[in-house]
Amino acid sequence: MRQLVLLDLPWRVSDEDRPSLGHASLLASLRTKSQVEVIPISAPVNRIGFSVKGLVATVLDVFQGVPSADADVAMGVFVWNDSAVRGLIALLRETGFRGRIILGGPQITYAALGIETDYLGADVFIRGQAESALREV
């Protein structure tokens with residue numbers, strides 16, 4: 001069975017820990033209509049203590065013993081987390097992660113052609129609403 005780490009990298013203005021609406025919608029869709037084990041992780045990028053290195057360690061821990069062919073990481077790219085996403089991709093690849101990295105969100109949906117050169121190391125780019133597309137991937 002494939003495993004998917006679904007990363008939520010929001011910008012929080014309070015100590016609220018509820019997932020973003022988009023993340024919750026993707027999670028519900030994947031859990032009800034796919035044969036994938038989904039592991040949700042929420043890490044607000046503006047929280048004290050947020051670290052790309054720490055998040056990569058968490059993701060790699062989730063995938064302990066999982067063949068790289070069965071490991072996926074998906075995340076939405078927004079203005080506020082773009083830098084963190086780029087750092088996550090680079091560090092995941094540097095540490096030897098060979099699973100698929102899937103990107104969506106506004107920064108992908110509204111990007112011009114050639115987006116793959118902006119996010120080196122990512123494998124799949126989903127434009128628009130991702131519920132159905134992510135299940136298909």
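Note on numbering: residues in each chain are counted from 1, in written sequence order. In view of the model being predicted, local features appear only for residues whose pLDDT reaches at least 70, and side-chain atom pairs are presented and counted only at 80 or more, with totals across whole chains, interfaces and linings using the full set of residues. Note that water and hydrogens are dropped before the side-chain values are worked out from all heavy atoms of the structure.

Draft legend 1. Main features of the layout of surface pockets. Each cavity reported here is a set of points on a 1 Å grid over the protein atoms alone in which a 1.4 Å probe fits but cannot get out, each pocket an open set with protein on both sides within 12 Å along at least five of seven lines, and each lining residue one with an atom within 4 Å of a point. Grid points are joined across faces, edges and corners, and a volume is the space filled by probe spheres set on the points. The space that makes up the largest pocket amounts to roughly 540 Å³. The wall of the largest pocket is formed by 28 residues, among which Gly 22, Leu 26, Gly 76, Phe 78 and Gly 105 lie closest to the centre. Strands here mean DSSP runs of E at least two residues long; helices mean DSSP runs of H or I at least four residues long; both are numbered from the N terminus. Going through the elements one at a time, strand 1 (2-8), helix 1 (21-33), strand 3 (71-76), strand 4 (100-104), helix 4 (106-109) and helix 5 (131-136) are the ones with two or more residues in the lining of the largest pocket.

Draft legend 2. Main features of a nonpolar patch on the surface. Together, Trp 11, Val 13, Val 79 and Trp 80 give the surface a local cluster of nonpolar side chains, amounting to about 520 Å² of exposed area. Here Val 79 is to be found in the loop between strand 3 and helix 3 (82-94). When accessible area is computed with a 1.4 Å probe and restricted to protein chains, residues below 20% of their type maximum are described as buried, those above 50% as exposed, and intermediate ones as partly exposed. A relative accessible area of 67% places Val 79 in the exposed class. Exposure above 30% relative accessible area and the lack of any salt bridge qualify a residue for a patch; like charges then connect within 9 Å, and the nonpolar side chains Val, Leu, Ile, Met, Phe, Trp and Tyr within 5 Å. Only the protein chains shown count as covering a residue, and every accessible area follows the Shrake-Rupley method with a 1.4 Å probe. The term salt bridge refers to a side-chain nitrogen of Lys or Arg lying within 4 Å of a carboxyl oxygen of Asp or Glu.

Draft legend 3. Structural view of helix 2 (residues 52-62). Three or more residues of helix 2 are buried, namely Leu 55, Val 56 and Val 59. Taken around the axis of helix 2, the buried residues stretch over an arc of 100°, which confines them to a single face. Exposed residues lying more than 90 degrees from the buried face of helix 2 are Lys 53 and Asp 61. Any two residues whose heavy atoms approach within 4.5 Å at even a single point are treated as in contact. Buried-residue contacts for helix 2 involve strand 1, strand 2 (36-42), strand 3 and helix 3. Taking the backbone nitrogen of Lys 53 as reference, a side-chain oxygen 3.3 Å away marks Ser 51 as the first, capping residue of helix 2. Think of it as the arc spanned by the lines of direction from the helix axis to the C-beta atoms. Nitrogen and oxygen atoms within 3.5 Å of one another constitute a polar contact, given that in protein one can donate a hydrogen and the other can accept it, and given that sequence-neighbouring residues count only through two side-chain atoms.

Draft legend 4. Structural view of the packing of aromatic side chains. Any two of the Phe, Tyr and Trp rings considered here, Trp counted by its six-membered ring, make a pair once their centres fall within 6.5 Å; the pair's planes then place it as stacked at under 30 degrees, edge-to-face at over 60, or tilted in between. For the structure on display, the rule yields two aromatic pairs. Judged by centre distance (5.6 Å) and plane angle (25°), the rings of Phe 63 and Phe 97 are stacked. Placement of Phe 63 in the loop between helix 2 and strand 3 and of Phe 97 in the loop between helix 3 and strand 4 is noted, with a sequence separation of 34 residues between them. Each member of the pair, Phe 63 together with Phe 97, is buried. A ring pair is formed by Phe 78 and Trp 80, whose centres lie 4.5 Å apart and whose planes are at 10°; its orientation type is stacked. For the cation-ring pair, Arg 86 lies above Tyr 119, with the distance from its terminal atom to the ring centre recorded as 4.4 Å. Whether a charge lies above a ring is judged from NZ of Lys or CZ of Arg, which has to be within 6 Å of the ring centre and within 35 degrees of the ring normal.

Draft legend 5. Geometry of the nonpolar core. Residue types Ala, Val, Leu, Ile, Met, Phe, Trp, Tyr and Cys, when buried and joined through side-chain atoms within 4.5 Å, form a set referred to as a nonpolar core. Counting residues in each nonpolar core, the largest one holds 29 residues, and the members touching the most others are Leu 7, Leu 9, Met 75 and Leu 103. Of all elements in the fold, only strand 1, strand 2, helix 2, strand 3, helix 3 and strand 4 reach the threshold of two or more residues within this core. A per-element tally of this core places helix 3 first, with five residues. Discounting chain neighbours no more than four positions away, the residues touching Leu 103 are Met 75, Val 77, Val 85, Ile 89, Ile 108, Tyr 119, Ala 122, Val 124, Phe 125 and Ile 126. In terms of nonpolar packing, the next biggest core, distinct from the first, is built from 12 residues, Leu 4, Leu 27, Ala 74 and Ile 102 among them.

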